[in-house]
Structures are given as C-alpha cells and as structure tokens.
2 protein chains.
Amino acid sequence: MTGERVAPPRDLQATMEPTLDAALRADAPASEGEVGLVAPQRAVFPNGLALTNGQRLAPVEAAYETYGALAPDKSNVILLCHALSGGAHAAGRHHPDERKPGWWDLYIGPNKALDTNRFFIICVNVLASPYGTTSPLSIDPATGEPYHLNFPPIRVADWVELERMVLESLGIERLYAVVGGSTGGMRAFEWAVRYPERVRKALVIAAPARSSPMVIALNHIQRQTILMGLEHGGLDGANRGLMLARMLAHISYLSEHALWSKFGRDTTPETEFWSVLFQVESYLEYKATTFLQRFDPFCYLYITRAMDAFDLGYTYGGGDLRRAMERVQATMRFVSFTSDWLFPPSGQQEAVEVLQSLGKRADHVVIDSPWGHDSFLVERVKPQLKPVLKEFLERDADGVAGV
Amino acid sequence: MTGERVAPPRDLQATMEPTLDAALRADAPASEGEVGLVAPQRAVFPNGLALTNGQRLAPVEAAYETYGALAPDKSNVILLCHALSGGAHAAGRHHPDERKPGWWDLYIGPNKALDTNRFFIICVNVLASPYGTTSPLSIDPATGEPYHLNFPPIRVADWVELERMVLESLGIERLYAVVGGSTGGMRAFEWAVRYPERVRKALVIAAPARSSPMVIALNHIQRQTILMGLEHGGLDGANRGLMLARMLAHISYLSEHALWSKFGRDTTPETEFWSVLFQVESYLEYKATTFLQRFDPFCYLYITRAMDAFDLGYTYGGGDLRRAMERVQATMRFVSFTSDWLFPPSGQQEAVEVLQSLGKRADHVVIDSPWGHDSFLVERVKPQLKPVLKEFLERDADGVAGV
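Residues numbered from 1 in each chain as written. Chains lettered and ligands numbered in written order. Predicted model: local features only at pLDDT ≥ 70, side-chain atom pairs only at ≥ 80, totals over all residues. Heavy atoms only, no water.

### Brief notes about the environment of Cys81 of chain A
All names here are of chain A. Stated formally: Only DSSP runs of H or I reaching four residues or more are called helices, and only runs of E reaching two or more are called strands; each is numbered from the N terminus. The buried label goes to any residue with under 20% of its type's maximum accessible area, the exposed label to any with over 50%, and the partly exposed label to all in between, with areas taken from a 1.4 Å probe on protein chains only. Any pair of residues with heavy atoms lying within 4.5 Å of one another is described as a contacting pair.
Its place among the elements puts Cys81 in strand β5 (residues 77-81). A residue is classified by how much of its surface remains accessible, and Cys81, at 0% relative accessible area, is buried. Distance from Cys81 to Val124, taken between C-alpha atoms, is 7.1 Å for residues 43 residues apart in sequence. With near-sequence residues (within four places) excluded, Cys81 lies in contact with Trp103, Glu163, Val178, Val179, Gly180, Gly181, Gly184, Arg187 and Ala188.

### Some words on the domain arrangement of chain A
Residues and elements named next belong to chain A. Stated precisely, the cut-off is as follows: All the domain ranges listed were derived from an automatic or database domain assignment. In short, buried area is how much 1.4 Å probe accessible area vanishes from two parts on joining, totalled over both.
Domain annotation for chain A reports domain 1 (10-210 + 311-394) and domain 2 (216-302). Taking only C-alpha atoms into account, the centre of domain 1 sits 26 Å from that of domain 2. Opposite the 24 residues of domain 1 that make contact, domain 2 presents 20 residues. Roughly 1900 Å² of surface becomes buried between domain 1 and domain 2 when both sides are summed, with 69% attributable to carbon and sulfur atoms.

### Regarding unusual backbone geometry
Omega for the peptide link from Ala58 of chain A to Pro59 of chain A comes to -5°, which places this bond in the cis form. Mapped onto the fold, Pro59 of chain A is located in the loop between β3 (56-57) and β4 (60-67). Positive phi values are uncommon outside glycine, yet Lys74 of chain A reaches one of about 55°. Looking at the secondary structure, you find Lys74 of chain A in the loop between β4 and β5. For Lys74 of chain A, a relative accessible area of 31% gives the class partly exposed. In this model, Asn111 of chain B sits at a positive phi of 65°, which is unusual for a non-glycine residue.

### What about the pairing of strand β11 (residues 175-181) of chain B?
Along a regular strand, successive side chains alternate from one face of the sheet to the other. Residues and elements named next belong to chain B. Rules: Here, any two strands with at least 2 DSSP bridges between them count as paired. By convention, orient the strands away from the viewer: a clockwise path from the first strand over the helix to the second makes the crossover right-handed.
Among the seven residues that make up β11, seven are buried, leaving the element largely enclosed by the rest of the structure. Across four bridges, strand β5 (residues 77-81) lies against β11 in parallel orientation. Note that in β11 the partner of Ile78 across the bridge is Ala177. As paired strands, β11 and strand β12 (residues 199-205) are joined by six bridges and run parallel to one another. By the bridge assignment, Val179 is partnered in β12 with Leu203. Since β11 and β12 lie parallel, the crossover through helix α4 (residues 183-194) that links them has a hand, and here it is right-handed.

### Digging into the relation of the copies chain A and chain B
To keep things clear, this is the line we draw: In this comparison the copies share one frame, found by least squares on the C-alpha atoms of residues holding pLDDT of at least 70 in both.
When chain A is brought onto chain B, the operation consists of a screw motion whose angular component is 180° and whose axial shift is 0.0 Å, with 0.0 Å RMSD remaining. On the angle and the small slide along the axis, the relation comes out as a two-fold axis. Of every C-alpha in chain A, the one belonging to His232 of chain A sits nearest the axis of rotation, 2.6 Å from it. Interface overlap between copies is the fraction of interface residues in one copy that are interface residues in the other; for chain A against chain B it reaches 100%, indicating a shared surface.

### Here's the deal with the interface of chain A and chain B
Rules: We define a salt bridge as a contact between a side-chain nitrogen of Lys or Arg and a carboxyl oxygen of Asp or Glu at a distance within 4 Å. Side-chain atoms alone can form a polar contact between residues adjacent in sequence; in general such a contact is a pair of N or O atoms within 3.5 Å, and within protein one must be able to donate a hydrogen while the other accepts it. Three classes are used, and their members are as follows: Ala, Val, Leu, Ile, Met, Phe, Trp, Tyr, Cys and Pro are nonpolar, Asp, Glu, Lys and Arg are charged, and the others, Gly among them, are polar.
Contact with chain A, which involves 58 residues of that partner, is made by 58 residues of chain B. Counting the surface lost from both chain A and chain B, the interface buries some 5200 Å², and carbon and sulfur atoms represent 73% of this. When the buried area of chain A at its contact with chain B is split by residue, Arg265, Trp274 and Arg305 of chain A rank highest and sum to 16% of it. Taken together, chain A and chain B are joined by six salt bridges. Put simply, Arg305 of chain B and Glu281 of chain A hold a salt bridge, and the shortest N to O gap is 2.9 Å. Across the chain A-chain B interface, the total number found is 25 residue pairs in polar contact (both at pLDDT 80 or more). When residues of the side of chain A that touches chain B are traced back to their parent elements, those giving at least two are α5 (213-253), α6 (256-262), β14 (276-278), α7 (279-294), α8 (297-309) and α11 (345-357) of chain A. For the side of chain A that touches chain B, the element with the most residues is α5 of chain A, which contributes 22 residues. Taken together, the residues of the side of chain A that touches chain B sort by class into 31 nonpolar, 15 polar and twelve charged.

### Things to note about the pairing of β12 of chain B
All names here are of chain B. In terms of residue burial, β12 counts as a mostly covered element, since six of its seven residues are buried. Sheet analysis places β12 next to strand β15 (residues 331-337), joined by five bridges and oriented parallel. Across the sheet, Ile205 pairs through a bridge with Val335, a residue of β15.

### Quick word on the packing of aromatic side chains
Filter applied, for reference: Any pair of Phe, Tyr and Trp rings, taking the six-membered ring for Trp, is counted once the centres come within 6.5 Å. Such a pair is stacked with planes under 30 degrees apart, edge-to-face with planes over 60 apart, and tilted for the rest. By definition here, charges over rings are those cases where NZ of Lys or CZ of Arg is within 6 Å of the ring centre and within 35 degrees of the ring normal.
Enumeration according to the criterion identifies 29 aromatic pairs over all chains in this entry. Where Trp274 of chain A meets Tyr302 of chain B, the ring centres are 4.9 Å apart and the plane angle is 85°; that geometry is what we call edge-to-face. One end of the pair, Trp274 of chain A, is in the loop between β13 (267-272) and β14; the other, Tyr302 of chain B, is in helix α8 (residues 297-309), on a second chain. Residue class for Tyr302 of chain B comes out buried when judged on its relative accessible area of 2%. Consider the rings of Phe291 of chain A and Phe295 of chain A, whose centres lie 5.0 Å apart with planes at 10°: the pair is stacked. Note on accessibility: Phe291 of chain A and Phe295 of chain A belong to one class, buried. Pairwise contacts between aromatic rings join Tyr147, Phe151 and Tyr302 of chain A together with Phe273 and Trp274 of chain B into one cluster. Directly above the aromatic system of Phe291 of chain B lies the positively charged group of Arg246 of chain B, at a separation of 4.2 Å from the ring centroid.

### Looking at a positive patch on the surface
Put simply, the test is: Residues enter patches when their relative accessible area tops 30% and they take part in no salt bridge; the joining distance is 9 Å for like charges and 5 Å for the nonpolar side chains Val, Leu, Ile, Met, Phe, Trp and Tyr. Each accessible area value is a Shrake-Rupley result obtained with a 1.4 Å probe; residue values ignore everything except the protein chains displayed when judging cover. The charged-residue count follows a simple rule in which Lys and Arg add positive charge and Asp and Glu add negative charge, with His and chain termini not counted at all. A charged residue contributes its charge at one atom only: NZ of Lys, CZ of Arg, CG of Asp or CD of Glu.
On the surface, a cluster of positive charge is made up of Arg99, Lys100, Lys262, Lys287, Arg294 and Arg380 of chain A. With respect to the helices and strands, the residue Lys100 of chain A is situated in the loop between β5 and β6 (108-109).

### Looking at the packing of helix α3 (residues 156-169) of chain B against α4 of chain B
Residues and elements named next belong to chain B. Our working definition: Interaxial angles span 0 to 180 degrees and are taken between N-to-C directions of axes, which are lines fitted to C-alpha atoms, for helices over the stretch in contact. Here is the rule for angles: anything less than 35 degrees is roughly parallel, anything more than 145 is roughly antiparallel, 65 through 115 is roughly perpendicular, and the remaining ranges are oblique.
Remark: α3 packs on α4, axes separated minimally by 9 Å, with the N-to-C direction vectors making an angle of 75°. Between α3 and α4, the angle falls in the class roughly perpendicular. Facing α3, whose interface residues are Val156, Ala157, Trp159, Val160, Glu161, Glu163, Arg164 and Leu167, α4 presents Thr183, Met186, Arg187, Glu190, Trp191 and Arg194. Across the contact of α3 with α4, the residue classes break down as seven nonpolar, one polar and six charged.

Structural data, given as structure tokens:
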C-alpha cells in the first residue's frame, strides 16, 4: 500500500551537502530539554500596517512568543513561521496543565534542532489568524462590529511586514535564520527575497516559490463550501462549511499510505448510512469538530486566499522567477517529502534549480517519508528531519553570539 | 512540473505480456471508422431486482445501448461498464447534430480497440444514475413521489445484477469480455468474481479490488457538501453542493501536471475576489455548472456510497482477498496510469499479485501518463492505451464468431 512512495530522484539527493551526510552519521546528540512554561506576548501598532493592496489596516496587534535568550548583539535570532492553522504558540506550555505543548515543540528546546541554548526563536501569529493577531474577528473601528468579510484582502507579504514590525519593536533588524513549513515556508522564502540583506539563512520546508493550480483548486472548493454554508445557513452553515473545508485540507496533508495505515477500510460501530460507516469518516468528522473549536470560517477564507496569491516571481520579478531569485543573499535550504502531493518536491526543485543556476547557495533535501505534507509535524519523521534542520542552522554559525 | 510522473516499477513492466510488446510495435492498424447513429434502448423488469441489502426494488428499468452485431451463437459479446458520471451512451451519436459522441467513442467502432467489426458491445446505465435507469429520481410506487433519499442503498453487485438481467433479456448468458474503467472497472472486476463461469476475459482499467480510505474520504466530503446544501438550502443548496462535489471529484481525476499544463497560475478577466481570480477556479465553476445540467445530487449520493462499499475480499472471501480471487476463471488484464492518485497503480498491483500467486492468468500494464485517473478518457493517451486494450481483446479470440 505504499505505491506512492517514491525514492528521491538521484539529482535531488546529489544536492545534499557532504556536511549533512556527516551530520546524519553523527554520534547521538546531547539529550534534549524542554522550554518549559512560556508566556504569550503582544505587540500593538496603533498606526497599523500599510497593506500590499494599498489599504491601511489600523490598529493592528500581533501575538507572538519567544524561546531562548536574545544575545546582546542580537545576532542569534531565528524567526519561525507557522503554517495555515498554527499560531505563535510553537513550543512549551502556557500553564503546567496545558494538554499539548506548542505546535513545533518536537524541534524547539535545549539541544533540539532549533536549539534554545544558542538561538533566540520568535514566532509571530499571522494577520487574519484567530490566535491573537488582528483578524476578521477583530472589531472594525469604522463600524464597531467584527470585520468579517469587510476585512481587507491580505498577501503573504503583509504577513512578512507584520513580522518585520514585531522584530523592529524588539530592536531586531537582522535574522540569523528564518524557518517555516507550508505557508510558513512561503513566508520564510518571501523574507529571503523581500529583505535579502536582513536574512543570513532561510530554511523552507514543503513550500515552493508559487502556489500551484492544485493548491488554488483545493482552496477554491474549501472557500466555496464555507461561503455556501454562510449563504444558506448563516454562521451555523459557515461553521459546517469550515468543517468540510478542514476535512479536505486534512486529506491533502496526508497520503494514500497514511490513510491506509491509520484506517484502512475499518468500519465504525456508530453507523449512520450517509454520515459515518467507515473509521476514516468518523476520524474526519472528529478532527473537523475539534478544528471548529479553535478556528474561524472568516479567518480561513482570508488565509487561503493569501496562500493562492503567493508567487515570488510575480511579486519580485515582474513574472520572472529568475529575476526574483537574483535578489536572494541568504544561504537557503529547501526540504521536501516524497509523499507530499500538496506541495510536491517538484515545486521546491524548481526554485532550487533557479537559485543554483544563479550561483546562489541553495540545496534541496528530499526526505523519503510516506506521511505526506504533514511530515514536518509527524514525530516519527523526526529522526530524518532533525539532522537536516540542525546541520543547516549550526553550520557556519561562528559569528553567532549564543548565550 | 512533472514531479509526480513516476516510471512504472520494473516489476510491473515485467508483467506485460510479450504479445503486448509485439502489438505495440505492430504496423499501422487498419483505419478506424465510426459507429454512426445509435438508438437508446430500454429494458423493463416489472418484478424488479432483489438488492444486496435484502430489499426488492420494483419496478426497475434499464437504459442501454449496443454497437456492432451480435453473432448468431452470441459468442462475441463485450459488456462495457461506464464510470460514475457516465451512462449507456458510449459511442456514436443519437442524432446527427449531437455535439459530442458517446463517452468512449475513441475506443469503440470499426477497427478501434473495441472493434465493432468483430464484437457486439453493450453498455448498461447503472442503477441510481440519472440517465434512464431507475434512480432516486424515479417515482416511488409507494408514495407517487420521486424516491430521493428513500431510494434503497445499493452496491456494485446490484449494478452487476442489473447488467446480468439486461443481458439475459437478450438471451446472452456468457461474455466474451467485460471491460470498464474507474467504477466501471469495479463492475468488470466484480463480474469476474461473482460470475466466474460467465466471463472469458476481464479488462479492469484504473480500479482496484477495494476502495481505498482516500476514495472514501473524498466521497465523504462530497456527500457531506451535498447534504449540507440540502439541509440549509433545500434543492438549490443540494445543487450547489453537487457542483462543489463535482469540482473535488474533478480534481481527483486530474494530476498536478494536468493542472499546471492546462491552467498554470493564469488569472481571469472576470475577477470576483472570493469566487474567481484564477483560470483554474473559473474552469472548475464552468465544469461544475455543466455537470449540474446533466446530473443530480441524490443520484450522486447513492453512487458514491456504492463505490465506498466496494471490497471484493469482503464480499466474496469473508474479508480475505485471496479467497475471493480463487473464484476467478477469466483471463484478466489490469491497466493503471502512473499519475492516477485516486486509484493508484499500487491498488491494482495488489489484486494482480494475489491472482498471479494463485496461478490465475492476470497481468498489469502501467501506462506512463501525466493525465491522472482520467487518462483512459484522454485522447492523447490513446496511442498508448489502444494497443493495450486491442491486444488483450483480440488475443486467443479464435472461437469468437465475429460477423
């Protein structure tokens, strides 16, 4: 049942640096620690943000978190960019009883891939997300009501701008590295192109230089389902639409293999002919219900539209990816997963080939994983992914004043 | 942009018969003709059909079409099985002005893969489909109203039973071959297992021995979208739900490569922020609108549920695929397409390996096509697919009294 598992093409494997091979063979690393309790933080910008589309959104506030200590010379900053449904809470716990730690706790902490003994890691919740940053749920000062569909259209570049503003509010001008997966990878990539002189390294996981028509098509169906629900059933309908959108998104993060190995064709006892006969249906409904408790249909509309519009060649090269890539100064690494059909390795390979042809420092590591797009969040992929992250972040880090 | 194109694994290629290689190298075949005008036909069964679930559905009628002439000894019959949204109209035209011929006109006609100079081809519209066979749109004699959601649940086996009844009404007991793609391939496969002594050859295109959890998951979302529309918006809502379901299904029939090559990231002039910015969105909406004109949400619910339940090992082997496959007497060929992510080659390979291990005559031809699940309907795949079909159907056909 692993027919979709494809070994990385030889030419991709060949782009792996020799130092990475060494890292993969290294002795057991120092044992990992936890970041422990962390506090949500908040930056407020009363004058707001000039958006890509020309509008000004004001006021704006941003939720963020940090892990590790900022070096006195501020040379050890890693900006971590979360994915579509993530938020600023990337590691540790807000209180001792919190059931699950932040979304990338696997990789953030003492001796982890993003080593808090060395680096100061900051993660900013994006605009339009429901986790504390200004969003369609915020009050529109013009009406005193939530923005909802009156929120302005946003782009990945607007997310980057808000991250820049938060960093500047902390006196940080330059990043040692920017790291992200999926839509977070889009931001990491956009940082390297938009602010080349501010980024020393960029690590882009499972994200290409532009969203594919497959991504746009899947997002279109998800948005239309929410909008159909809203039209016919008001907020209840929009919420059910969000559940269905999430189910579709969730499938696109998994793989044929993952679905077979998790569910196969198992049936469920709580049979209802149209809604649940099979475990996979029951699972999707359950996951969508929990998603509904933590997300919002309006936010989902805006974030997916920002994702669709993502196209670095268009934004920075007048439609020419090569011209856009000429701007890059950072050392870049792209990471892909063989069974990722949402952002398949071919998309990242396109970007790497252009960068390499321009003499830029860029490589592409394709990890053989059957767990689909979500591989970067899956614990059992950690033995493969951790050294790929750690080697990239720790290589040539001599000038970094880790504390 | 063809990263998802995967060469057939060596062991699959090795299963290709030497005669097929010969066919692929053969001289240009005789020139193809057309079947011309055809008439829809109809069989009525007042006593109806005993369904798998124990209910009797009565009365039942079936729409069907035939191409070519039935040999006096009835030895030249090919039962062709249509896919989810297809019908009995597989070739030719109902009237000279009909815009498009039947759905598999590419492969049916004089000197085509299904050669009407030799074979008598029959295609029966399935139960629950809106093209003339009894369906949720038919009048329920108990109420005088359309069945809609009071239609009984159906299975692929019920489709096979109706095909059997139509064939018997024409005095046909045995099939020279049964051929089908996608859900049509499921029927072809089920015929070979359910009625082993009646089937000489079975040609199963892009269909496995059981629906995967990926198929079930995609169908679940599609059905829930229709049901959400129905709940909140009545028939209008159900129709919009059907459009969204079709868009998702349509994507699952295509591939990353197909979407890039058809649309890329092209935008459209008729911009509306939430509904259409990109060509691929405009295309999906257009295709869904035309689908709505020819299909029905209730029918869609029933047909996809039949698809989910398909599992030959469960039905004929008490859960054991091997035991089910022991029944097969036909010579079988399975055809897959490398970029098909809905019914990937691994599913067909599973079936072939079991059949081969039992000493059955079965092979698996994996066609390297970037056009996804729909490859068997795509004209440019014809040079690859036609010889694979034709060689299988014409090999060892000496006893067939073609007219």
